[in-house]
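Given next are the chains, with one letter for each unit.
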Amino acid sequence: MGLTQPDEFIAAAQSRQSDVHDTGFTPMSDMIHYKARDLPTIFGGRSSRGVILANLHAFEGWVGTFLWDWVGYTDMVKSHAARCQH
């Protein structure tokens, strides 16, 4: 194989047009992403064990990060509701 053959191959590859087209396919993930403003729901479904463990880890992370904000918000709402009734 001479040195010109790889050069010709590279030049030919670079000159080819890309055949890109949108199929509209958007893969869905079983992974759950909890947001601070959303109270997590119990997740279920027929996910793999790895996905279930990852979702449990995400839930535990939400609890560790945002639970006390939700508890404080709930207490504030109850307090405000009690004041409004009097």
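Right above here is the structure, for reference.
Here the structure is a predicted model, which means the values were calculated and not measured.

1. Points about a nonpolar patch on the surface
A surface patch of nonpolar side chains, about 310 Å² in accessible area, is lined by Tyr 73, Met 76 and Val 77. You can see Tyr 73 is positioned in helix α2 (residues 49–85). Overall, Tyr 73 belongs to the partly exposed group, its relative accessible area being 48%.

2. Some remarks on α2
At Phe 66, α2 shows its largest kink, close to 55°. Residues Val 51, Asn 55 and Trp 62 constitute the buried set of α2.

3. A look at the packing of aromatic side chains
Tallied over the full model, the rule gives 3 aromatic pairs. Between Trp 62 and Phe 66, the aromatic rings sit 6.2 Å apart at their centres with planes inclined by 50°, giving tilted as the arrangement. Placement of the pair is Trp 62 and Phe 66 together in helix α2, with a separation of 4 residues, close to one helical turn. An angle of 45° between the planes, with centres 6.4 Å apart, marks the rings of Trp 62 and Trp 70 as tilted. What makes Trp 70 partly exposed here is its relative accessible area of 23%. What links up through ring pairs into an aromatic cluster is the set Trp 62, Phe 66 and Trp 70.

What counts and what doesn't
- Residues numbered from 1 in each chain as written.
- Predicted model: local features only at pLDDT ≥ 70, side-chain atom pairs only at ≥ 80, totals over all residues.
- Heavy atoms only, no water.
- Patch = residues over 30% accessible without salt bridge, like charges linked within 9 Å, V, L, I, M, F, W, Y side chains within 5 Å.
- Areas by Shrake-Rupley, 256 points an atom, 1.4 Å probe, with all protein chains shown as cover.
- Salt bridge = Lys/Arg side-chain N within 4 Å of Asp/Glu carboxyl O.
- Helix = DSSP H or I, 4+ residues; strand = E, 2+ residues; numbered from the N terminus.
- Buried < 20%, exposed > 50% of the residue type's maximum accessible area, 1.4 Å probe, protein only.
- Bend = angle between axes of the 7 residues up to and from the residue.
- Phe/Tyr/Trp six-rings, centres within 6.5 Å; stacked < 30°, edge-to-face > 60°.

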